[in-house]
Amino acid sequence: MVVRLNSFTFHSVPSLALSPMRTQRSPKFYMTSTKRAEKCLGHPSELNVRVARTMPAEKVEIFKSMEDWARNNVLTLLKPVEQCWQPQDFLPNPTSDGFVEQVHELRQRTRDIPDDYFVVLVGDMITEEALPTYQTRINSTEIFHDETGVDITPWAIWARAWSAEENRHGDLLNKYLFLSGRVDMKQIEKTTQHLIGSGMDIGTGKNPYLWTIYTSFQERAAFISHGNTAKLAMQHGDVKLAHVCGIIASDEKRHESAYTKIAEKLFELDPNEMVMAFADMMRRKISMPAHLMYDGHDHNLFDHFAIVASRIGVYTARDYREIVELLVNKWKVEKLTGLSSEGREAQDYVCTLAQRLRRLEERALAKAQKAPTIPFSWISGRVV
């Protein structure tokens, strides 16, 4: 589920979200104190907070009307456990007499891979390891929530199975990095604990319309990110690591398909609400899942990680803009009709956003390339 902070800053504007669930902004403190929040964010904490309100009955009915459709079009994108890959498929076999030799081969393959690649791979892995936060977030979202823990609605079934599939990603990357001997695992483990303890603030609240927009964007970004780490691993000569990153990317692609299909159906059934949700999320920009990342030393760790990711071409400002274009085209936003005045305003905003982002793109890419190198605790303080 990994993606990085986009390289653009948008000014805050009034929300166009569902009226009974409209955004309000106020201070929100995670962990135990304001001081802790300021350390992680690098400035006094003012995060996205949405007042918890019950979704209108007519909106609930829209999702209820989609349940049979979801069983036939969303749940079918999940794979049975016996057909899924498992981390051990790509790792040295600890029960094998050749285990030590297999570990030695892995360490030889990773020996000459550059430090900047490992910084990005570690950041990806830490983001994947924060799965408890994502499970909590989806279970706090109306419609997708699982009240009993074993609900049989297609939305609850999807949420549990999606989390189960995602769980393999962090497991595999963690073990591969551990065996490589190239990274400081204790610092990585501390960062993961900090991140899960800090949570995340993505601005969706309990609103399933906003959640669907967010996850459609985020899963696409995850697919791009893992796909690019696969390409770089191949270039650096580790074919097996390339396969690892590639197989994770293929999962993210299926998950992207699921969320974008849900969004597409909602655009069909409730275009006005969806286009306003789309504009709402784009105006506040997509905050990535690991934006509160902290290792106990670097209060701007996520920003520094994102710069390295951009510098080596794993996830850049161009990728962000291209995702916006892709979603606008996929959901045929320009062709929506019968919208309210607010809906038309939102439609115009999202349909012209990519053009505005394009003007900022080269500047953002150049800024990442010129950013000063800094030490990362994940690689024992080496500078990249």
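Residues numbered from 1 in each chain as written. Predicted model: local features only at pLDDT ≥ 70, side-chain atom pairs only at ≥ 80, totals over all residues. Heavy atoms only, no water.

Visitor: Before we go on, may I ask you to explain the overall build of the chain in this structure?
Guide: When its secondary structure is counted, the chain shows 14 helices and 2 strands. The proportion of buried residues among the 384 residues of the chain is 57%. The contacts in the chain between residues at least 6 apart in sequence include a share of 83% that link residues at least 24 apart. Carbon and sulfur atoms make up 52% of the accessible area of the chain, which totals about 16,400 Å². (Helix = DSSP H or I, 4+ residues; strand = E, 2+ residues; numbered from the N terminus. Buried < 20%, exposed > 50% of the residue type's maximum accessible area, 1.4 Å probe, protein only. Contact = heavy atoms within 4.5 Å. Areas by Shrake-Rupley, 256 points an atom, 1.4 Å probe, with all protein chains shown as cover.)

Visitor: Sorry, what's going on with the packing of helix α5 (residues 115-129) against helix α12 (residues 301-311) here?
Guide: Between two packed helices, what matters for the description is the angle formed by their axes and the separation of those axes. Relative to each other, α5 and α12 sit at 125 degrees, their axes nearing to 9 Å. Between α5 and α12, the interaxial angle falls into the category oblique. Crossing hand, α5 versus α12: left-handed. Each of Asp 116, Val 119, Val 120, Gly 123 and Asp 124 in α5 lies in contact with α12, whose residues at this interface are Phe 305, Val 308 and Ala 309. Taken together, the residues of the contact of α5 with α12 sort by class into 5 nonpolar, 1 polar and 2 charged. (Axes fitted to C-alpha atoms, helices over the stretch in contact; angles between N-to-C directions. Parallel < 35°, antiparallel > 145°, perpendicular 65-115°, else oblique. Left-handed = near helix turned anticlockwise from the far one by under 90°. Nonpolar A, V, L, I, M, F, W, Y, C, P; charged D, E, K, R; others polar.)

Visitor: When you look at the packing of helix α13 (residues 317-330) against helix α14 (residues 341-370) in this model, what are you seeing that I'm missing?
Guide: Relative orientation of the contacting elements α13 and α14 amounts to 170 degrees, with a least axis distance of 8 Å. Considered as vectors, α13 and α14 are oriented roughly antiparallel to each other. On α14, the residues touching Ala 317, Arg 318, Tyr 320, Arg 321, Val 324, Glu 325 and Val 328 of α13 are Val 350, Cys 351, Leu 353, Ala 354, Leu 357, Arg 358, Glu 361, Glu 362, Ala 364 and Leu 365. Across the contact of α13 with α14, the residue classes tally to 11 nonpolar, no polar and 6 charged.

Visitor: I keep staring at unusual backbone geometry and nothing clicks. Help me out?
Guide: In terms of backbone geometry, most residues other than glycine have negative phi values and most peptide bonds are trans. Phi angles above zero are rare outside glycine, and Lys 332 is one such case at about 50 degrees. Examined against the element boundaries, Lys 332 turns out to sit in the loop between α13 and α14.

Visitor: Hey, could you run me through the environment of Gly 197 in this one?
Guide: Here Gly 197 shows up in helix α8 (residues 185-198). C-alpha separation for the pair Gly 197 and Thr 133, spaced 64 residues apart in sequence, amounts to 8.5 Å.

Visitor: What should I look at first to understand the packing of aromatic side chains in this one?
Guide: What characterises a pair of aromatic rings is the spacing of the ring centres plus the angle enclosed by the ring planes. Taken as a whole and judged by the stated rule, the model has 15 aromatic pairs. For the ring pair Tyr 117 and Phe 118, a centre distance of 6.2 Å and an interplane angle of 85 degrees mean the geometry is edge-to-face. Exposure class is identical for Tyr 117 and Phe 118. Each is buried. Ring geometry for Trp 162 against Trp 211: centres 6.4 Å apart, planes inclined by 85 degrees, an arrangement best described as edge-to-face. Taken as a pair, Trp 162 in helix α7 (residues 154-180) and Trp 211 in helix α9 (residues 208-235) lie far apart in primary sequence, 49 residues in all. A single burial state applies to Trp 162 and to Trp 211, both of which are buried. Clustering of aromatic rings is evident, with ring pairs tying together Trp 158, Trp 162, Trp 211, Tyr 214 and Tyr 259. Over the ring of Phe 223 we find Lys 253, and its NZ or CZ is 5.1 Å from the ring centre. (Phe/Tyr/Trp six-rings, centres within 6.5 Å; stacked < 30°, edge-to-face > 60°. Lys NZ or Arg CZ within 6 Å of the ring centre and 35° of its normal.)

Visitor: Looking at this structure, I do not really get the side chain of Glu 165. What am I missing?
Guide: Along the chain, Glu 165 turns up in helix α7. When neighbours within four sequence positions are excluded, Glu 165 is seen to be in contact with Leu 78, Lys 79, Cys 84, Asp 251, Arg 254 and His 255.

Visitor: How do you make sense of the pattern of salt bridges when you look at a structure like this?
Guide: Pairing between side chains of opposite charge can happen when their charged atoms approach one another. By the definition in use, this model includes 22 salt bridges. The closest approach of N and O atoms between Asp 146 and Arg 160, which form a salt bridge, is 2.7 Å. Linking Asp 146 in the loop between α6 (131-139) and α7 with Arg 160 in helix α7, this pair joins segments that are 14 residues apart in sequence. According to the relative accessible area criterion, Asp 146 is buried, its value standing at 8%. Between Asp 251 and Arg 168 there is a salt bridge, with its nearest N and O atoms 2.3 Å apart. (Salt bridge = Lys/Arg side-chain N within 4 Å of Asp/Glu carboxyl O.)

Visitor: Please explain a positive patch on the surface as it appears in this structure.
Guide: Side chains of Lys 261, Lys 330, Lys 332 and Lys 335 sit close together on the surface and give a patch of like positive charge. Look at Lys 332 and you get partly exposed, because its relative accessible area is 49%. (Patch = residues over 30% accessible without salt bridge, like charges linked within 9 Å, V, L, I, M, F, W, Y side chains within 5 Å. Lys, Arg positive; Asp, Glu negative; His and termini not counted. Charge placed at Lys NZ, Arg CZ, Asp CG, Glu CD.)

Visitor: Would you mind going over α5 with me for this structure?
Guide: An α-helical segment advances 3.6 residues per turn. Residues three or four places apart therefore align on the same side. Taking 1.5 Å per residue as the helical rise, α5 with its 15 residues ought to reach 21 Å, and the 21 Å between its terminal C-alpha atoms agrees with that figure. With respect to burial, α5 is a largely interior element, 13 of its 15 residues being buried. (Expected span 1.5 Å × (residues − 1).)

Visitor: Just to check I follow, could you spell out α9 for this structure?
Guide: With 28 residues, α9 should cover 40 Å at 1.5 Å per step; its first-to-last C-alpha distance of 40 Å lies within 8% of that length. For α9, the side-chain oxygen to backbone nitrogen distance between the N-cap and Tyr 209 is 2.8 Å, and the N-cap itself is Asn 207. Note on α9: the residue one or two positions beyond its end, Gly 237, has a positive phi of about 95 degrees. (Polar contact = N/O pair within 3.5 Å; in protein donor to acceptor, adjacent residues only side chain to side chain.)

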